[in-house]
Amino acid sequence: MLWITGTPTDLRQGLTRRDWLRVGFAGALSPLFTNSVRAQQVSPLTPTPLPRERENGFGQAKSCILIYLFGGVSQLDVWDLKPEAPDGIRGEFRPVSTSVPGIQITEHLPRLGQRMEHLAIIRSMSHGDNSHGSSAHRMLTGHAPRIAGEVVPPSAEDFPHFGSALTHLRPAPRGVPTSVSLPWTIATSSSVQPGQGAGFLGRGYDPLRLHQGLAEVLDFTPDGLLMPADVNPARMRQRQQLRERLGLDPVSRPGYEMDRLYDRAFSLLGAAQAVRAFKLSEEGPRLRERYGMNTFGQSLLLARRLAEAGVPLITVYWPARREPEAFNNAGRLEDVAVPPWDTHGLNVGNSPNFPMQKDRLLPALDQSSSALLDDLQARGLLDQTLVVWMSEFGRTPRINPQAGRDHWGPVFSIALSGAGIRGGQVYGASDRHGSQPADRLVSPGDFAATLYHSLGLDPNTEIVDALARPHRLANGRPVEALWQ
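Residues numbered from 1 in each chain as written. Predicted model: local features only at pLDDT ≥ 70, side-chain atom pairs only at ≥ 80, totals over all residues. Heavy atoms only, no water.

## Quick word on the packing of helix H11 (residues 295–308) against helix H12 (residues 353–378)
Where H11 contacts H12, the axes come no closer than 9 Å and their chain directions differ by 20 degrees. The orientation of H11 relative to H12 falls into the category roughly parallel. Between H11 and H12 lies a crossing whose hand is right-handed. For the pair H11 and H12, contact is made by Phe296, Gly297, Leu300, Leu301 and Arg304 and by Ala364, Leu365, Ser368, Ser369, Leu372, Asp375 and Leu376, respectively. Of the residues in the contact of H11 with H12, the class split is seven nonpolar, three polar and two charged. (Axes fitted to C-alpha atoms, helices over the stretch in contact; angles between N-to-C directions. Helix = DSSP H or I, 4+ residues; strand = E, 2+ residues; numbered from the N terminus. Parallel < 35°, antiparallel > 145°, perpendicular 65-115°, else oblique. Left-handed = near helix turned anticlockwise from the far one by under 90°. Contact = heavy atoms within 4.5 Å. Nonpolar A, V, L, I, M, F, W, Y, C, P; charged D, E, K, R; others polar.)

Written as structure tokens, this is what we have:
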């Protein structure tokens, strides 16, 4: 696994050469490396071309920015309001008209509402799972987890994250990472959430992680990616050759994984394009302020820079914070791992649903997301960049006694933009209370197939696990109506 991690000062200073080599050993010797080399050797590397009748939108996305709003966004208060529902279901927020006649969303996303011509909303996502852990796995991989439930830590048996599958099947050119995740690894107080890593593909295919922990970070300058001043290219080649002569066994699992990790680290060390992409200091202050001078806003700005540099998949997880001004739910110092969008109510250490969304979550989401859309469009990148706003599930139709909403997997909403997707549309529908799908249900497998289809991978492509068992990349069908 490749990590950029540490304290705020560590993050600003980057990783040393020793740090880069250490991550290779740490990853290769991890006890999670239980799958065999055979899984890497027999898996197909070239996806089967899609039939002509399914070419609509295929491969138009050169990059995907996956914005994951950890905790569960309330469909009834954001994308799919029910003003005619009974009191106790409809909530406090008003639906307002957008730039597209007939489409309404919450009053607290005014900027995104005025850009609705670029957005497609799916209001019929469904998987029926109400647990953070297993739901996260479903939405980040497109597959059901090996074990359903709240406490489901990552495992070497997991299906790989979208970015890991992409790294395996269609890696980016040398010098550019295929998949980057930031600014932290999502976790509850119980466990790190599954679905964020490479699973049975092996940790050599994990995303490059920028993990800033709980401190505010406004810059991700990775000095550790710079070629050391006292090492010229010839000397670096000598170091690589020396490592290759140390006797690592490339056939064994640890040797194979170590080789992959070293190769990825060396491919990025000194790569000018990758190094420059991480330097937010190159952006003007006005644009940075437009995104929002907070970790989430600057993470979206970095995501745009990475997409512009050719990184195929960037996952931005809404950051966990402790301070009230930095979007944590309760703002209590002991609530380190409360998912920010998990708005149950005060009885479980969260803020009530409505003031939390109105005062902190939705304004920040609106500012940063609208800035991202404007920026991509101004640079001519929106047509080739798929942007997704999603979470692991939605919230219960009925408001609980603590003025919050609880977990709800039977139906929820996500939004997409770019990469040829026709904006200004709503796909699917929930029932009158926002409790069940009423039209054109979309499963996590369908969503995964849509994402892979957009990035140019046939969802029917097979990859194999540790026991050489084949698995379809996505057990669903692309939602082709999004491009029509």
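## Examining H12
Here H12 contains 26 residues, and its C-alpha end-to-end distance of 35 Å stays within 8% of the 38 Å for a straight helix at 1.5 Å per residue. In H12, a bend of some 40 degrees at Leu361 exceeds every other bend along the element, and Pro363, a proline, comes one to four places later. Downstream of H12 by a residue or two, Gly380 has a phi angle that is positive, lying close to 70 degrees. (Expected span 1.5 Å × (residues − 1). Bend = angle between axes of the 7 residues up to and from the residue.)

## Looking at the environment of Val100
Within the secondary structure, Val100 sits in the loop between strand E3 (95–97) and strand E4 (104–106). For Val100, a relative accessible area of 14% gives the class buried. Here the alpha-carbon distance between Val100 and Met116, two residues 16 residues apart in the chain, equals 6.1 Å. (Buried < 20%, exposed > 50% of the residue type's maximum accessible area, 1.4 Å probe, protein only.)

## Considering the pairing of strand E6 (residues 179–182)
Judged by which residues are buried, E6 turns out to be covered on both faces: Ser179 and Ser181 on one side and Val180 and Leu182 on the other are all buried. Note: E6 against strand E8 (residues 313–317), four bridges, orientation parallel. Paired with Ser181 across the two strands is Thr315, which belongs to E8. With two bridges connecting them, E6 and strand E7 (residues 208–211) associate as parallel partners. The residue of E7 that forms the bridge with Ser181 is Arg209. (Pairing = 2+ DSSP bridges.)

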